[in-house]
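A look at the structure
One letter stands for each residue in the lines below.
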Amino acid sequence: MKIRNKAAFTDAVTSLEEENAGISYMAALESIVLLENDGTLPLAPGKVALYGAGAEMTIKGGTGSGEVNERHAVSIREGLEEDGFVVTTEGWLRAYAEKYREEENAYAAGFLSRVKKREIVNIMADIFHQPFGLPVTQEDIKNSDTDTCIYVIARQAGEGMDRRLEENEYSLSEEEKANLSICAANYDKMIVVMNVGAVFDMSFLDEIPGINGVLYYAQQGMRGGKAFADLICAKASPSAKTVDTWPGKYEDIPFAMDYSYLNGNLKEESYREGIYVGYRYFDSYHVEPKYPFGYGLSYTTFSIEVEPPMADGTKIIQPVKVTNTGDTYAGKEVVQLYVSCPKETQAGEYQKLAAFSKTEELKPGESQTLSLTFDMRDLASYRERDAVFVLEKGDYILRCGSSSRNTSPSGIIVLEEEAVTEQCVNICLPDLVQEMEPPVFERAAVDTTDEIGGSLKRIKIKTADICKKVHRYDVPKIYTSPVTDTILNSLSEAELCDVVTGAGAVGGGPRFFEAPGSAGFTTGKLMSKGLPNVCLADGPAGLRLQKTSAVSKNGSLKGVEPMFSGMNYMPCFVKKIMLGNPEKYPCVYQFTTSFPTGLALAQSWNTALAEQVGEAVGKEMERYGVTYWLAPGMNIHRNPLCGRNFEYYSEDPLLSGKMAAAMSRGVQSRKGCYVTIKHFCCNNQEDNRNRVNVRINERALREIYLKGFQIAVREGQVKAVMSSYNKVNGTYVNNSYDLLTKVLRNEWGFDGLVMTDWFATGKGLGNPGEAIKAGNDLIMPGGGSTTKELIRQRKTGELDAVSLRRSAANVIRGVVESRIYQAYKNMFLSD
């Protein structure tokens, strides 16, 4: 029996759609970074020459599981015209659209040919890349009849493959350079827009004169085009900041040419830069970036006046007064607080982000006082030799400002003796990775005067006030509750193996409830034992479900449109089998909202806004019956070529963790709706992601790649975690007891569900039985063969009964606390 939400049988626009579209718009409005402006922006609506691959075919988000199937996404052209701009390059845009169709048809033919030859085709990774453009001619310029030009550079990337340097996925093509050159030479006002999912080579700005403004649009979801138009005509002032360091050239990144496919070795990836990722490297090694971390312009100006910091135990409070010093435009400012820590016994970065806050919209002359707070214990670095997090004795210099390269010292925290904050055990021990030489800092270079030349306030923190936490590494207890225990005790060991295994990628057997387009389901075989299935749906730029599905006479569902863009190119007979016929059968509809991608949303530096987006997603989960949202994605932007950087937040673990925690609080404010933070951990490349072995030293692992997840777990109280495909120091993450139990449960106190990524166990991959023993509760997408393997391992003793029961209890707990279980209970278990 399958139950569906009756509201899904109408294709009318709902009030929830309208409400969430408004939230998507507000998020985009704060997520577009103004990188360059010589005063040309903002523009008054009028005639505009619009060129570029992203002008009409604006990319709203990346490909793969991160795709969202909204009703309609507003392009940049649509947004401009809605705001009263008149686009005068219709001929060029029509010609580009024709070229797009021709190249797409050629790609489809090639795709079809490979399928017919039975070649392996990855519908996620093998995506169609739209043409870079076509030549802009003097005739185009003359016919445009305007002095204003907007040129939109667009690039697509996604799951399964990293961006290719040699294919101009990180840089402009020669044709684009020629087009920008002719436009810059012939238009008085020349604006370039980067519709790209991650950091891009901006060296063309040094080669092409006459470019007046640059905006990093990123990928802004379904209302991004409208938000862009409103920003450039000053209905709002840009307030976004970069979440990554943009290098002057790709080679400025440490070990840039060793990344992923570039060194020819996809079996191993050595993190030789250690903790020096992003601004931690650029600021520590004195490498000048194109744009620093935390950078972004506005139409107005702000002053940031720091007041003396205060301490409340180990909590540090930095008051800051922000004033809009402009005379025309209102705006918002992001204040960032960095700390330079002592480096007497252990090398470290020049500074690291400790706190941030964003103002409300301030009119000219208005001020707001912010309080930036952090706990001293969060500044501790990890010392591998004795497995402790430690605060060195010495001066901790607070630096406050508007980007990592625009700060002033605001105070000094003094710790007179070393303080150990946590006693851990060593994890994931490898043969040590030979990291690069640490930076050298000169004492004389430390400026301890305030902005007006006086001495900075020094606050002494007593070591005795810093509590040391000694972690216990006991075997986690089996979750217990009356409802969970009743179901658990009624199941045989074979049925327990069904519980810890997903329902399978195709078919999946009986289901109590189905949200069409769900990425997976828990088992529905045990409804007679009081356990219905629940649905899991992809993210993180919204809820990825099937937009329209046809309902056959027997009640089965088939999507009308392909779930992934790559499926559009499958042979007609395959699509006929896979897709439903809306003319023959009635349909159900699920119009979800596409929001700005993770990277874009993080550029808002607005956790309250992220929480609002999360709650909007949670409302759609309620409406369509989804229990687990497979998001947020929060892997670190280790290198700009990672194909899924658009999904993830930042190069910085604090910013990543704070944004993920906010999203999680928003989603889980809706009862029975759960987030699943992913991909835990070190899934920082897409090429050979299923088998690559990440070699990393423990300090970098803990301080950079685990830190954001820790923040999300503790501050977001996340209900689920997805383990990643890759190995860490020789062990698949889904088989790592060190990561999934010692760190996640023993040290961080996580008590929710851990699931594998899809098809992450099997022959030549992680062992499903070892995954259960390591602390991985649910094997996804599961299916009969996985269940049989677990039953076999249980019979041989390879899988112990206690581990199986513990994982089953965690799965059952998630089900019985869901909204779906309440519906099931009301139908079948009520008096």
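Reading the values: rules and limits
Residues numbered from 1 in each chain as written. Predicted model: local features only at pLDDT ≥ 70, side-chain atom pairs only at ≥ 80, totals over all residues. Heavy atoms only, no water. Helix = DSSP H or I, 4+ residues; strand = E, 2+ residues; numbered from the N terminus. Buried < 20%, exposed > 50% of the residue type's maximum accessible area, 1.4 Å probe, protein only. Contact = heavy atoms within 4.5 Å. Areas by Shrake-Rupley, 256 points an atom, 1.4 Å probe, with all protein chains shown as cover. Lys, Arg positive; Asp, Glu negative; His and termini not counted. Charge placed at Lys NZ, Arg CZ, Asp CG, Glu CD. Pairing = 2+ DSSP bridges. Axes fitted to C-alpha atoms, helices over the stretch in contact; angles between N-to-C directions. Phe/Tyr/Trp six-rings, centres within 6.5 Å; stacked < 30°, edge-to-face > 60°. Patch = residues over 30% accessible without salt bridge, like charges linked within 9 Å, V, L, I, M, F, W, Y side chains within 5 Å. Salt bridge = Lys/Arg side-chain N within 4 Å of Asp/Glu carboxyl O. Core = buried A, V, L, I, M, F, W, Y, C linked by side-chain atoms within 4.5 Å. Expected span 1.5 Å × (residues − 1). Disulfide = S-S within 2.5 Å. 1 Å grid on protein atoms, 1.4 Å probe; cavity = no way out; pocket = protein on both sides within 12 Å on 5 of 7 lines; lining within 4 Å. Points joined across faces, edges and corners; volume = space filled by probe spheres on them. Nonpolar A, V, L, I, M, F, W, Y, C, P; charged D, E, K, R; others polar. Parallel < 35°, antiparallel > 145°, perpendicular 65-115°, else oblique. Left-handed = near helix turned anticlockwise from the far one by under 90°. Polar contact = N/O pair within 3.5 Å; in protein donor to acceptor, adjacent residues only side chain to side chain.

Tallying secondary structure elements over the chain gives 21 helices and 34 strands in all. In the chain, which comprises 831 residues, the proportion classed as buried is 63%. Counted over contacts in the chain with a minimum sequence separation of 6, partners at least 24 positions apart contribute 78%. Accessible surface, the chain: about 30800 Å² in total, of which carbon and sulfur atoms supply 49%. With 92 positive and 107 negative side-chain charges, the chain shows a spacing of 7 Å between the two charge centroids.

As a further point, take the sheet that holds strand β26 (residues 557-559). Judged by pairing direction, the sheet is antiparallel, and its three strands sit side by side in the order β26-β25-β27 without closing on themselves. With one partner strand each, in any of the chains shown, β26 and β27 (587-589) form the two edges of the open sheet. The mean inter-strand angle of the sheet, taken between neighbouring strand axes irrespective of direction, is 30°. Here three bridges tie strand β25 (residues 548-551) to β27, and the two strands are oriented antiparallel to one another. In the sheet register, Ser549 faces β27, and the bridge partner there is Val588.

Time to look at the sheet that holds strand β18 (residues 394-403). Ordered in space as β14-β13-β18-β19-β21, the five strands form an open sheet in which the pairing is mixed. A single partner strand is all that each edge strand has here, and the edge strands are β14 (352-358) and β21 (458-461). Adjacent strand axes in the sheet meet at a mean angle of 25°, parallel and antiparallel pairs treated alike. Note that strand β19 (residues 406-415) and β21 share four bridges and pair parallel. Note that in β21 the partner of Ile412 across the bridge is Arg458.

Once that is clear, we can look at the packing of aromatic side chains. As enumerated under the stated definition, the model contains 35 aromatic pairs in all. With 5.7 Å between their ring centres and 0° between their planes, Trp92 and Tyr96 make a pair best called stacked. Of this pair, Trp92 and Tyr96 both sit in helix α3 (residues 90-116), four residues apart, roughly one helical turn. On the accessibility criterion, Trp92 (3% relative accessible area) is buried. Of the residues examined, Tyr96 reaches a relative accessible area of 3% and is grouped as buried. Taking 5.2 Å as the distance between ring centres and 85° as the angle between the ring planes, the aromatic pair formed by Phe356 and Trp605 counts as edge-to-face.

A contiguous nonpolar surface patch, about 330 Å² in accessible area, is contributed by Phe573, Ile577 and Met578. Mapped onto the elements of the fold, Phe573 is located in helix α11 (residues 572-578).

Let's shift gears to the nonpolar core. Membership of the largest hydrophobic core comes to 206 residues, with the highest contact counts inside it found for Ile150, Leu701 and Met755. The next biggest cluster of nonpolar side chains, apart from the first, holds 32 residues, and it includes Phe302, Ile316, Cys341 and Ile461.

So, on to the side chain of Thr88. Here Thr88 is to be found in the loop between β3 (86-87) and α3. In this structure, Thr88 is in contact with Lys47, Val48, Ala49, Asn143, Ser144 and Thr146, ignoring residues within four places of it in sequence.

The subject of this paragraph is α3. The end-to-end C-alpha distance of α3 is 39 Å, a good match for the 39 Å that 27 residues give at a rise of 1.5 Å each. Summarising the contacts, the buried residues of α3 are in contact with β2 (47-51), α2 (76-82), β3 and α4 (138-144). Arg118, located one to two residues past α3, shows a positive phi value of around 60°.

As enumerated under the stated definition, the model contains zero disulfides in all. Here Cys183 is not cross-linked by a disulfide; its sulfur's nearest cysteine counterpart is in Cys149, at 4.0 Å. Left without a disulfide partner, Cys341 is nearest to the cysteine sulfur of Cys400, which lies 16 Å away.

The subject of this paragraph is empty space enclosed by the protein. Taken as a whole and judged by the stated rule, the model has ten cavities of 30 Å³ or more. Of the pockets and cavities examined, the largest cavity occupies roughly 220 Å³. Together, 20 residues line the largest cavity, and Ile253, His637, Arg638, Asn639 and Pro640 are the ones closest to its centre. Among the residues forming the lining of the largest cavity, the class breakdown is eleven nonpolar, five polar and four charged.

At a minimum axis distance of 10 Å, the contact between helix α1 (residues 15-29) and helix α13 (residues 607-624) shows a crossing angle of 155°. As judged from the angle between their axes, α1 and α13 are roughly antiparallel. Judged by the twist between their axes, the crossing of α1 over α13 is left-handed. Side by side, α1 and α13 meet where Leu16, Glu19, Asn20, Ile23, Met26 and Ala27 of the first sit next to Leu609, Gln612, Val613, Ala616, Lys619, Glu620 and Arg623 of the second.

By the secondary structure assignment, Glu333 is in the loop between β12 (315-324) and β13 (334-340). Residues Glu333 and Lys358, spaced 25 residues apart in sequence, show a C-alpha to C-alpha distance of 5.7 Å. In this structure Glu333 touches Lys241, Phe302, Ile304, Val322, Ser357, Lys358, Thr359 and Ser402, once residues within four positions along its chain are discounted. At 3.0 Å, the side chain of Glu333 forms a polar contact with the side chain of Lys241.

Glancing now at unusual backbone geometry. Put simply, Phe680 and Cys681 share a cis peptide bond, and its omega is 0°. Examined against the element boundaries, Cys681 turns out to sit in the loop between β29 (674-680) and β30 (693-695). Following Met780, the chain continues to Pro781 via a peptide bond in cis, the omega torsion being 0°. Assignment of secondary structure puts Pro781 in the loop between α18 (768-774) and α19 (784-796). Of note, the phi angle at Phe255 is positive, near 55°, even though the residue is not glycine. Tracing the sequence through the fold places Phe255 in the loop between β7 (246-247) and β8 (268-270).

Time to look at the pattern of salt bridges. Pairing is possible between side chains that carry opposite charge, provided their charged atoms lie close to one another. One pass over the structure, following the stated rule, counts 62 salt bridges. Salt-bridge contacts for Asp386 lead to Arg383; the nearest nitrogen and oxygen are separated by 2.8 Å. For Arg819, the salt bridge goes to Glu622, with nearest N and O atoms at 3.5 Å. Residue Arg819 is located in helix α21 (residues 819-829), and its partner Glu622 is located in helix α13; the two are separated by 197 residues in the primary sequence. Relative accessible area serves as the criterion here: at 42%, Arg819 is assigned to the partly exposed category. Because the salt bridges share partners, they merge into one network encompassing Glu56, Arg77, Glu81, Glu90 and Arg94.

This part is about helix α16 (residues 707-716). Each α-helix winds once per 3.6 residues, and so residues spaced three or four apart point in a common direction. With eight of its ten residues buried, α16 lies for the most part within the structure. Among the residues of α16, Lys707, Gly708, Phe709, Gln710, Ile711, Ala712, Val713 and Gly716 are the ones counted as buried. Against the buried residues of α16 lie α14 (653-668), β29, α15 (698-705) and α17 (737-747). A positive phi of about 50° marks Gln717, the residue just after α16.

Before going further, it helps to examine the pairing of β29. Among the seven residues of β29, seven are classified as buried, and the element is accordingly described as predominantly covered. Pairing analysis gives two bridges linking strand β28 (residues 628-630) to β29, with the strands arranged parallel. If you follow Tyr628 over to β29, its bridge partner there is Tyr674. For β29 and strand β31 (residues 720-723), the ladder comprises three bridges, and the chain directions are parallel. By the bridge assignment for β31, Thr676 is matched with Ala720.

Keep in mind these numbers describe shape, not what the thing actually does.
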